[in-house]
Amino acid sequence: EAIVVSELANRMAERVADVVKALMQNGIMATQTQTIDADTAELIIEEFGHRVVRVSASDVEDVIQQTEDAPEDLKPRAPVIAIMGHVDHGKTSILDAIRKARVSHGEAGGITQHIGAYQVETEGGATLTFLDTPGHAAFTSMRARGAQVTDIVILVVAADDSVMPQTVEAIAHAKAAGVPMIVAINKIDKHDADPDKTRTSLLQHEVIVEKMSGDVQDVEVSALTGQGLPELLEAIALQSEILELRANPDRQAQAAVIEAKLDVGRGPVATVLIQNGTLRQGDIFVVGEQWGKVRAMENDRGERVKEAGPSVPVEVLGLNGTPEAGDVLNVVSTEAQAREIAEYRQNAARDKRAAAGAATTLEQMMAKAKADQSVAELPIVVKADVQGSAEAIVQAMEKIGNDEVRVRVLHSGVGAITETDVGLAEASNAPIIGFNVRANASARATANQKSVEIRYYSIIYDLVDDVKAAASGLLSNEV
Ligand code: GDP
C-alpha cells in the first residue's frame, strides 16, 4: 500500500507544501508527485492530527468486486430505454401512451405507480423497461455518477417543429454514451407535420435514418392518437435483439439507483434498476454512501415482490439513508461489511468535500491558478446593489495585478446572488463577491453543496485589500 504525496494532502485537506515540509522534517525528501509507503503516510497523518482510516480503497473494491460471468450463465434481459428530445416534442405523452396501452391490455387493474421506471410487454412478447424521467438531465447525471443504465435512446422529434436545440443536445448525449438511437417522429397527426423535413434536418447532425438509407430506425408516431406506437415498440425490440443484452440472474445483485427520496411514513426509499444478478428480500447491500437490508420491494404496479432480476425496476425499503440517483447498489455478505464500506465512502467523500472547500479560499485559488499557468488569473463573479458600485469594483479589480497575477471578472451584475451566479462560479472555480447584496436561499444552498465561496463586502477598499493580499501572498510565498 502506497500513496502519492499530493493525494495524501488532498485526503487530509492539507496544503501539499505543508505535507512535503513535514516529510522533510522526518528526513524524507519527496515531491508532491512521488509515492510514499503506508507507514510513512500514517506517521504524517498523525502528525497533522488526523485519524487513520484503515479500510483502503482496494479492500472496498475486493468486497464488491464483480467476477466475470461465464457465457453459459448469461440469459437475455430486457432493454432499458430512455426518452430524450426537445421540450414539448411529446416525451411525456409518449411515455404515458405506452404505459396506458399496457394497462388497457388488462394488466394490473389499471393502477400504475410512478417509481421512476416501468416495464411493458410488446405484442410480439418482448419485455421493455422504460425510464420515465424524460430529459437528458437525469441521463447525464446518472452517467456522471458512473451508472450507465440506458441501452437504447428514443429521440423524440415533433414533425411540426423538426430538429431543435435540445434535440441536438440529446443526440450529443446519446453519442457520447455510445447508446444507439431510435428516432420517433411524433405529432404525425398534425396538419403541418412534415416528417421528411425532420429526416433531412437530422442528416445535418449525422443521424441518418433508415428512410434516408442510414441505419438508425425511424418510426412515425402520434402520442395523441396512438398511431405508430406498436411499431415503435417493435423497433425497440428489434434494436434490443441486435444488442444481444444479457445478464446473469444467478448471482448477488448489482443495481443502479434511478430515484431516491425520504418518505415520511416509510423512511428512505430508492427505486433501483437491477443491472446484474437478482435482488431478494433480506439481502444486505451498500449503495453509494449508504447501506441497508431489503425489508420490502414493490414493482411498478405497486405489488409486493420477493425478488427482482435483471432490468427490473423495483422500489426498495430498508435503507439507513437516502442515496443519490446514479449510485450503484451492491449486495454484500454481512452487515458489518456493508457498514464498513459505507463508512469508508462517507469519510472519503467528506475529505474530498473538505479539500474542495479549502481550495476555494482566495489565497489557495490564486496558488492553484499560478501552478497551472505562468500568469495566475483569479476569476471572480461580482454582484452589487447598484450599477455604479459594480462598475467601480470591476475597475478596481482590473487594476490589481502585474505580470504574474491578475484578477479576471467573469461576470458582474446588479441584484441578489442567484443559483445562476453560483453555477457560473462553480464551473470556473471562482469565488463570488457580494457587494451590499446577499445570496438568496437556493443560491446559498447550492453554494454550500458545491463548495463555492461567497464573500460579502460593503466597503470597496476592504475588498481590494483582501484580493491584493491574496495576490501578494502568492508572490512572496512561492511553493
Ligand atoms: P415533453 O415536454 O417532450 O414531455 O412534451 P409533452 O409530452 O408534454 O407534450 C407537449 C405538448 O404536445 C402537449 O400539449 C401534448 O398534448 C402535445 N402532444 C404530444 N404528442 C402529441 C401528438 O402526437 N400529437 C399532437 N397533436 N399533440 C401532441
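Residues numbered from 1 in each chain as written. Predicted model: local features only at pLDDT ≥ 70, side-chain atom pairs only at ≥ 80, totals over all residues. Heavy atoms only, no water.

- If you check an unreviewed UniProt entry, the protein appears there as Translation initiation factor IF-2 from Palleronia sediminis.
- A UniProt comment under Function (unreviewed entry) is attached to the protein, and it reads "One of the essential components for the initiation of protein synthesis. Protects formylmethionyl-tRNA from spontaneous hydrolysis and promotes its binding to the 30S ribosomal subunits. Also involved in the hydrolysis of GTP during the formation of the 70S ribosomal complex."
- In its Subcellular location (unreviewed entry) section, the UniProt record describing the protein reads: "Cytoplasm". (UniProt positions renumbered as here; feature names shortened; annotations may be inferred.)

### Focus: the overall build of the protein
Item 1. The helix and strand inventory of the protein stands at 15 helices and 23 strands.
Item 2. Among the 479 residues that make up the protein, the fraction classed as buried is 46%.
Item 3. Look at the contacts in the protein between residues 6 or more apart in sequence, and 71% of them connect residues 24 or more apart.
Item 4. Per element, the accessible surface of the protein, about 23,200 Å² overall, is 48% carbon and sulfur. (Helix = DSSP H or I, 4+ residues; strand = E, 2+ residues; numbered from the N terminus. Buried < 20%, exposed > 50% of the residue type's maximum accessible area, 1.4 Å probe, protein only. Contact = heavy atoms within 4.5 Å. Areas by Shrake-Rupley, 256 points an atom, 1.4 Å probe, with all protein chains shown as cover.)

### Quick notes on the pairing of strand β4 (residues 80-85)
Item 1. Taking burial as the measure, the six residues of β4 include six buried ones, the bulk of the element.
Item 2. In this structure, β4 lies alongside strand β7 (residues 152-158), joined through five bridges in parallel fashion. Within the sheet, the bridge partner assigned to Ile81 lies in β7 and is Ile152. (Pairing = 2+ DSSP bridges.)

### Digging into the packing of helix α13 (residues 419-428) against helix α14 (residues 441-450)
Between two packed helices, what matters for the description is the angle formed by their axes and the separation of those axes.
Item 1. As a packed pair, α13 and α14 sit with axes 8 Å apart at the nearest point and diverge in direction by 20°. Taken together, the axis directions place α13 and α14 in an arrangement best described as roughly parallel. As for the relative orientation of α13 and α14, their crossing is right-handed in sense. Each of Glu419, Val422 and Glu426 in α13 lies in contact with α14, whose residues at this interface are Ser442, Ala443, Thr446, Ala447 and Lys450.
Item 2. Classifying every residue of the contact of α13 with α14 by side-chain character gives three nonpolar, two polar and three charged. (Axes fitted to C-alpha atoms, helices over the stretch in contact; angles between N-to-C directions. Parallel < 35°, antiparallel > 145°, perpendicular 65-115°, else oblique. Left-handed = near helix turned anticlockwise from the far one by under 90°. Nonpolar A, V, L, I, M, F, W, Y, C, P; charged D, E, K, R; others polar.)

### Some remarks on helix α12 (residues 387-399)
The periodicity of an α-helix, 3.6 residues per turn, causes residues three or four positions apart to be oriented the same way.
Item 1. For α12, which comprises 13 residues, the first-to-last C-alpha distance of 19 Å matches the rise-based estimate of 18 Å (1.5 Å per residue) to within 8%.
Item 2. Buried within α12 we find Ser389, Ala390, Ile393, Val394, Ala396 and Met397. Projection of α12 onto a plane perpendicular to its axis shows the buried side chains occupying an angular sector of 165°, all on one side. Turned more than 90 degrees away from the buried face of α12, the exposed residues are Gln395, Glu398 and Lys399.
Item 3. Two residues or fewer past α12, Gly401 is found with a positive phi of approximately 120°. (Expected span 1.5 Å × (residues − 1). Arc of directions from axis to C-beta.)

### Brief notes about the site of the ligand
Item 1. Among the 15 residues in the neighbourhood of the ligand, the closest are listed as Asp88, Lys91, Thr92, Ser93 and Asp189.
Item 2. One nitrogen or oxygen atom from the side chain of Ser222 is found 3.3 Å from an oxygen atom belonging to the ligand.
Item 3. Interatomic distance of 3.3 Å between a backbone N/O atom of Leu224 and an oxygen atom of the ligand.
Item 4. Protein contact buries 72% of the 580 Å² of open area that the ligand shows by itself.
Item 5. Here the shell around the ligand is composed, by residue class, of three nonpolar, seven polar and five charged. (Near = heavy atom within 4 Å. Polar contact = N/O pair within 3.5 Å; in protein donor to acceptor, adjacent residues only side chain to side chain.)

### Quick look at the packing of helix α2 (residues 16-25) against helix α3 (residues 38-47)
Item 1. Where α2 meets α3, the axes come as close as 11 Å, and the angle between the chain directions of the two elements is 115°. Comparing their axes, α3 and α2 come out roughly perpendicular. Pair α2 / α3 crosses with right-handed handedness. Residues Val19, Ala22 and Leu23 of α2 touch α3, and the partners they reach there are Thr40, Ile44 and Glu47.
Item 2. Each residue belonging to the contact of α2 with α3 can be placed in one class, and the counts come to four nonpolar, one polar and one charged.

### Description of the packing of aromatic side chains
Item 1. Summed over the entire model, instances satisfying the criterion amount to one aromatic pair.
Item 2. Ring geometry for Tyr118 versus Phe130: centroids 5.6 Å apart, planes at 25°, classification stacked. Separated by 12 residues along the polypeptide, Tyr118 in strand β5 (residues 117-121) and Phe130 in strand β6 (residues 127-131) bring together distant segments of the chain. For the pair formed by Tyr118 and Phe130, the shared burial category is buried. (Phe/Tyr/Trp six-rings, centres within 6.5 Å; stacked < 30°, edge-to-face > 60°.)

### Points about the side chain of Thr278
Item 1. For Thr278, the position within the fold is in the loop between β12 (267-276) and β13 (279-280).
Item 2. At 2.6 Å, the side chain of Thr278 and the backbone oxygen of Pro249 are in polar contact.
Item 3. Beyond its immediate stretch of four places on either side in the chain, Thr278 contacts Pro249, Arg251, Ala253, Asp283, Glu307, Ala308, Gly309 and Pro310.

### Looking at the sheet that holds strand β8 (residues 181-186)
The strands making up a sheet are joined through hydrogen bonds of the backbone, oriented either antiparallel or parallel.
Item 1. Across the sheet, which stays open at both edges, the six strands sit in the order β5-β6-β4-β7-β8-β9 with mixed pairing between neighbours. The sheet terminates laterally at β5 and β9 (218-220), the two strands that pair on one side only. The mean angle between the axes of side-by-side strands here comes to 30°, regardless of whether they run parallel or antiparallel.
Item 2. Docked against the sheet, helix α9 (residues 229-243) engages β4, β6, β7, β8 and β9, running at close to 150° with respect to β7.

### A few points about the pattern of salt bridges
Item 1. Summed over all chains, the structure comprises 17 salt bridges.
Item 2. Here Asp18 ties to Arg15 by a salt bridge, and the two come within 3.7 Å at their closest N and O atoms.
Item 3. By relative accessible area, Arg15 is classed as partly exposed at 37%.
Item 4. Ionic contacts of the salt-bridge type, sharing partners, join the residues Asp196, Arg199, Lys211, Asp218 and Glu220 into one network. (Salt bridge = Lys/Arg side-chain N within 4 Å of Asp/Glu carboxyl O.)

### So, the confidence of the model for the protein
Item 1. For the protein, the average pLDDT comes to 84, and 84% of its residues sit at 70 or higher.
Item 2. Both scores are given for the predicted complex: the pTM is 0.67, the ipTM 0.99. (pLDDT = per-residue confidence, 0-100.)

### Topic: the nonpolar core
Item 1. Counting 29 residues, the largest nonpolar core has Leu131, Leu155, Met181, Val183, Leu202 and Val207 as its most contacted members.
Item 2. Looking at this core, the elements with two or more residues in it are β4, α6 (136-144), β7, α7 (165-177), β8 and β11 (254-263).
Item 3. A total of four residues in this core trace back to one element, the largest contributor, which is α7.
Item 4. Not counting the four nearest positions on each side in its chain, Leu155 is found in contact with Met84, Gly85, Thr167, Ala170, Ile171, Met181, Ile182, Val183, Ala184 and Leu202.
Item 5. One finds Leu128, Phe130, Ile182 and Val219 within the second-largest nonpolar core, a separate group that totals 23 residues. (Core = buried A, V, L, I, M, F, W, Y, C linked by side-chain atoms within 4.5 Å.)

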